[in-house]
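# Results of the structural survey
Below, each chain spelled out in residue letters.
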Amino acid sequence: MLKYSVSALSQNLGNLKRNAVFITGLMALLISGAFAQEQRSEISIQGTGFYTKDATGRNTQQFFVPAGFASIRSDVHQTTGSLLVNLPHPARLRLDPYVLAGAGALTFNPGGNTLIAGADTQTRAAFVYGGGADFPLTHHFSLRAEYRGLVYKTPDFGLRALNTDTVTHTAQPSAGIVFRF
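Given the structure is predicted, the values throughout are model-derived calculations rather than measurements.

Before going further, it helps to examine unusual backbone geometry. For R94, which is not glycine, the phi torsion reads 55° and is therefore positive. For R94, the location among the structural elements is in the loop between strand 5 (75-86) and strand 6 (96-109). Even without a glycine there, the phi angle at F157 is positive, about 55°. For F157, the position within the fold is in the loop between strand 8 (141-153) and strand 9 (167-180).

A few words now on the nonpolar core. In this structure, I72, L106, L150 and Y152 are the most contacted members of the largest nonpolar core, which totals 14 residues. Elements represented by at least two residues in this core include exactly strand 6, strand 7 (122-136) and strand 8.

What follows deals with the pairing of strand 7. Where strand 6 and strand 7 come together, 13 bridges link them in antiparallel fashion. Residue pairing for strand 7: T107 is matched across the bridge by T123. Inspection of the sheet shows strand 7 paired to strand 8 by eleven bridges, in the antiparallel sense. Within strand 8, the residue paired with P136 across the bridge is S142. Hairpin connection from strand 7 to strand 8: four residues lie between these consecutive antiparallel strands.

Reading the values: the criteria
- Residues numbered from 1 in each chain as written.
- Predicted model: local features only at pLDDT ≥ 70, side-chain atom pairs only at ≥ 80, totals over all residues.
- Heavy atoms only, no water.
- Helix = DSSP H or I, 4+ residues; strand = E, 2+ residues; numbered from the N terminus.
- Core = buried A, V, L, I, M, F, W, Y, C linked by side-chain atoms within 4.5 Å.
- Buried < 20%, exposed > 50% of the residue type's maximum accessible area, 1.4 Å probe, protein only.
- Pairing = 2+ DSSP bridges.

Right, here's the structure in full:
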């Protein structure tokens, strides 16, 4: 059984507060830039995949500890903001390409899905990058294909024995339809 100390809890709370302040500041910066943009609204419905590098199971973090391998299944909640830049393109292509970059947070919640005692919910800051294109069908409707990548420190769920101090990557391809008004 893994032990969880009060000092580790205090350190994790400090890290969580620091990450929350960073993400709040970055979101405020991104939102202020958005107000300088043209006023255009859209609603989209998209299907998205969530593929984490080197994961063998869905939303499962794999660890090697002195006693052997440990797996922690967790729910992952994502909160991100991105600056989107439309790329110039010839009108004959009928594509509206764009790139995006931003930041956010991923919250990993083991929620009783683990046999490892003391595994706690953990939030990690994430760098977001990606791109995509809209294919206009009419003045108001478009098809969209997009790729988003998230880079973040591997969660350890507050357990020192699971701290690998490594960075991992999650890919999020998506496709859908957009309505502009």
